[in-house]
Amino acid sequence: MADKIGYKAVSKFIIASPVKVRPVADIVRRKGYTEAMAMLEQMPHKGARLIRKTMKSAAANALNLNKNLDEDMLVVREIRIDDGPRLKRIWCRGRGRADVLLKRMCHITVVVDEKAGK
């Protein structure tokens, strides 16, 4: 999207707990695009890989819609990790009992924009 909200990419129904992905998003929020990608490359978390993939897509949207932009001119304006639906699975326990295993999902939204004030 090339209007006032910036350039956006959304990954939906990702099987990862939002509680585990949010701390990674907090680290790279409001950083430059190249700096944020370098930070995410070095992190061992699964959430870092998922956010990096979505951020790369948002940058590609920005560069394809606006040919005057460069990767160094982009800044990560917003990263939002929303709750998704939960898959409920039966987990067999001892003595004929069962527990419910919740496989949590999240939606990752990344908005990149041009740096203000050159």
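Refer to the preceding data block for the structure.
Predicted, not measured: the structure shown is a model, and the values here were computed from it.

**Focus on the overall build of the chain**
Now for step 1: Along its length, the chain carries three helices and three strands.
Now for step 2: Computed over its C-alpha atoms, the radius of gyration of the chain comes to 17 Å, more than 25% above the 13 Å expected for a compact globule of 118 residues.
Now for step 3: Projected onto the principal axes, the alpha-carbon positions of the chain cover approximately 65 × 25 × 20 Å.
Now for step 4: Across the chain, every contact between residues at least 6 apart in sequence was considered, and the portion connecting residues at least 24 apart equals 70%.
Now for step 5: Considering the chain, the positive charge centre built from 26 side chains and the negative charge centre built from 13 side chains are found 11 Å apart.

**Some remarks on the packing of aromatic side chains**
Now for step 1: The final tally for this structure, using the stated rule, is zero aromatic pairs.
Now for step 2: Looking at Arg93, its charged tip hangs above the ring of Trp91, at a distance of 4.5 Å from the centre.

**Considering a positive patch on the surface**
Now for step 1: A cluster of like positive charges, contributed by Lys20, Lys46, Arg49 and Lys53, occupies part of the molecular surface.
Now for step 2: Here the positive patch gets three residues from one element, more than from any other, and that element is helix α3 (residues 46–65).
Now for step 3: Turning to its location among the elements, Lys20 is positioned in helix α1 (residues 18–28).

**Observations regarding the side chain of Ser11**
Now for step 1: Tracing the backbone shows Ser11 in strand β1 (residues 7–14).
Now for step 2: Within the structure, the side chain of Ser11 is placed 2.7 Å from the side chain of Thr54, a separation counted as a polar contact.
Now for step 3: Once you skip the residues sitting within four places of it in the chain, Ser11 turns out to touch Thr54, Cys106, His107 and Ile108.

**A few points about the pairing of strand β3 (residues 98–114)**
Now for step 1: Here β1 runs beside β3; their pairing, made up of six bridges, is antiparallel. Within the sheet, the bridge partner assigned to Ala9 lies in β3 and is Val110.

**Quick look at the environment of Leu65**
Now for step 1: By the secondary structure assignment, Leu65 is in helix α3.
Now for step 2: Sequence separation between Leu65 and Tyr7 is 58 residues, and the spatial gap between their C-alpha atoms is 8.8 Å.

**Looking at the sheet that holds β3**
Now for step 1: Pairing is antiparallel in the open sheet, where three strands are placed in the order β1-β3-β2. Edge positions in the sheet fall to β1 and β2 (74–92), since each of these pairs with one other strand and no more. Direction aside, the axes of adjacent strands within the sheet are offset by 10 degrees on average.
Now for step 2: Each of β2 and β3 is contacted by α1, which is oriented at about 170 degrees to β2, the strand it contacts most.

Thresholds applied
Residues numbered from 1 in each chain as written. Predicted model: local features only at pLDDT ≥ 70, side-chain atom pairs only at ≥ 80, totals over all residues. Heavy atoms only, no water. Helix = DSSP H or I, 4+ residues; strand = E, 2+ residues; numbered from the N terminus. Rg over C-alpha atoms; globule rule 2.2 N^0.38 Å. Contact = heavy atoms within 4.5 Å. Lys, Arg positive; Asp, Glu negative; His and termini not counted. Charge placed at Lys NZ, Arg CZ, Asp CG, Glu CD. Phe/Tyr/Trp six-rings, centres within 6.5 Å; stacked < 30°, edge-to-face > 60°. Lys NZ or Arg CZ within 6 Å of the ring centre and 35° of its normal. Patch = residues over 30% accessible without salt bridge, like charges linked within 9 Å, V, L, I, M, F, W, Y side chains within 5 Å. Areas by Shrake-Rupley, 256 points an atom, 1.4 Å probe, with all protein chains shown as cover. Salt bridge = Lys/Arg side-chain N within 4 Å of Asp/Glu carboxyl O. Polar contact = N/O pair within 3.5 Å; in protein donor to acceptor, adjacent residues only side chain to side chain. Pairing = 2+ DSSP bridges. Axes fitted to C-alpha atoms, helices over the stretch in contact; angles between N-to-C directions.

Purely geometric numbers; function is a separate question.
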